[in-house]
Amino acid sequence: MIKVQNLTKAFGPKIAVNDISFSVEKGEVLGFLGPNGAGKSTTMRMVTGFIPPSGGTIRVGSFDVAQNPIEAKRLVGYLPENAPLYTDMTVYGFLSFAAEIRGLTGEAKKKAVFRSVELCFLENVLHQSIDTLSKGYRHRTCFAQAIIHDPQVLIMDEPTDGLDPNQKHEVRTLIRRMGEKKAIIFSTHILEEVEAACTRAIIIDRGRIVANGTPDELKQKGETAGAICVRLPGVPAAVATQKLGQIPQARKVQVLKEADSSVLVRVFPQARTANGELARSVFALAVAESWKLEELHTEEGRLDEVFRTITLPDTTKEVK
Amino acid sequence: MNALNNIKSIAKRELTGYFASPVAYVFIVIFLLLTGFFTFMVGGFFERGDASLMAFFLWHPWLYLFLVPAVGMRLWSEERRLGTMELLLTMPITSWQAIVGKFLASWLFLLLALVLTFPVVVTVKYLGSPDMGVIICGYVGSVLLAGGYLSISCMTSSLTRNQVVSFILSVVVCLFLILAGWPPVTRMLEEWAPAWLVQSVANFSVMTHFDAFQKGVLDSRDVLFFLLVIGFSLFSTSVILRSHRAG
């Protein structure tokens, strides 16, 4: 549905988006991750046709955004960053306007407005002026605008920004549900959101794609992915470290927690250790040494760790 | 057909926006009070002993100088400030449709304010037997004049997200368009500049072109002048908006 090729955007001498290519098919939810100023919003603005790219092509459906902007925009629903709204209108007035612009009239318009009002839980504020709404309601109003024409492509810039945990959960559920039939791109800073709602994630840093894969694949890139955690009661930390370090598949042993009664140790695998092999060896060692095992599990790796290792915070200076 | 529908939807939204806030009512009341004050107190409507609306239309270029930018200053600066421009221009419309729709809405609003001055016409009709042709012609000129100013405000509002800056810029440009053909200024110019130069500068002025309407002369060149001002300003608006988006 969305095909982006060699997309580049320069603002004067500053390159905001540098040669990005990706595609999103129907039934996919693509999460955009990246530090602030990485080029997420700029990319989305180009895909929605708000700003023209400096180079590269964007296709939405069968339309090129640069050549057939109107046709391409028809297929897209867009929730911009900070959910901008015409504050002098009522929720109903605003949604009717959005529906009209999308070419809906009469019964169809009414139906579309009520459908998205229902999806976004806006019944209570339908005839309230937008400038009296709380942030959560404003966000949902803008969200309702984006889905009013049941678009095939949905693009959302930080859709859960500023919502409370319950609302965040609602929005994620909604995204996942709609993702079954649409092509969705959304950006976020919240990594758990990626695991909760995305089928695929792209990490962007300083205008470039630095990682692209399913949330599980990305987690594999983490340092702790595949490490084994064991809790051993009554074993001194030094002994545990030494013995575990002798396992051939172990690269490094780290003591996580040391108490009088037990020790919690993390064993990192060698580079090419098959799944489960290290766990078996640790277990075998424990049996041989007659250690009592209180806990043994394989770590999945954490997205925030991956995120930190492959992106640079904007506080570090760029090294040329 | 589609384009017309889009323009209509945008204009409708803009107009409801005006009336949802007190701005519209405050504007209309102030406009009517000021026109009344200038016509009857300053313009000496009764002392003229003349069944015409000369005293009424005479003040329009000056009144509009402040009132029209007050209506037009928010057109695009507000969209930029709130970020709704991103919403509007990612909808399946062209930026032309958005510009024209918003412009027409505020022009229509000014037209409404002007229609509400009908008691002046009633008064003059009651007191004497005025030439209705001249009055209608004056109104046509006034509408065009408002449209010209408004299109300039539209352009200046696309330059900035600050409404105050937009207002001041717009007043300055409109003031220039008045002064270029205002008799005291042209007389001053005549003292040192060649006649052809004075004439061509004056031709850029709204005064020169509005004058004919007041006298009841409906000249296609004057109509064309205002339409060109509107066309040029709206075109500039589209260029400015595009360059903002391109970064």
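Residues numbered from 1 in each chain as written. Chains lettered and ligands numbered in written order. Predicted model: local features only at pLDDT ≥ 70, side-chain atom pairs only at ≥ 80, totals over all residues. Heavy atoms only, no water.

Caption draft 1: Structural context of the packing of helix α2 (residues 23-42) of chain B against helix α7 (residues 95-115) of chain B. Residues and elements named next belong to chain B. The interhelical angle for the contact between α2 and α7, taken along N-to-C directions, is 40 degrees, at an axis separation of 10 Å. On the basis of the axis angle, α2 is oblique to α7. Once α2 is placed against α7, the crossing between them reads as right-handed. Residues A24, F27, I28, F31 and L32 of α2 form the contact with α7, whose own contacting residues are F109, L110, L112, A113 and L114. Its residues placed into classes, the contact of α2 with α7 shows 10 nonpolar, no polar and no charged. (Axes fitted to C-alpha atoms, helices over the stretch in contact; angles between N-to-C directions. Helix = DSSP H or I, 4+ residues; strand = E, 2+ residues; numbered from the N terminus. Parallel < 35°, antiparallel > 145°, perpendicular 65-115°, else oblique. Left-handed = near helix turned anticlockwise from the far one by under 90°. Contact = heavy atoms within 4.5 Å. Nonpolar A, V, L, I, M, F, W, Y, C, P; charged D, E, K, R; others polar.)

Caption draft 2: Representation of the domain arrangement of chain A in the model. Along its sequence, chain A is organised into domain 1 (2-219) and domain 2 (228-299). Here the C-alpha centroids of domain 1 of chain A and domain 2 of chain A sit 45 Å apart. (Domains from an automatic or database assignment.)

Caption draft 3: Region of the structure containing the side chain of S52(B). All names here are of chain B. Locating S52 in the fold gives a position in the loop between α2 and α3 (54-57). In this structure the side chain of S52 is engaged in a polar contact, spanning 3.2 Å, whose partner is the backbone nitrogen of M54. Here S52 is in contact with F45 and V124, once residues within four sequence places are set aside. (Polar contact = N/O pair within 3.5 Å; in protein donor to acceptor, adjacent residues only side chain to side chain.)

Caption draft 4: Spotlight on the sheet that holds strand β4 (residues 55-60) of chain A. Residue and element names in this part refer to chain A. If you walk across this open sheet you meet the four strands as β2-β1-β4-β5, and the pairing is antiparallel. Edge positions in the sheet fall to β2 (14-24) and β5 (63-64), since each of these pairs with one other strand and no more. Note: β4 against β5, two bridges, orientation antiparallel. Looking across to β5, one finds that V60 is bridged to F63. Packing against the sheet, helix α1 (residues 40-47) makes contact with β1 (2-11), β2 and β4, and its axis sits at approximately 120 degrees to β1. (Pairing = 2+ DSSP bridges.)

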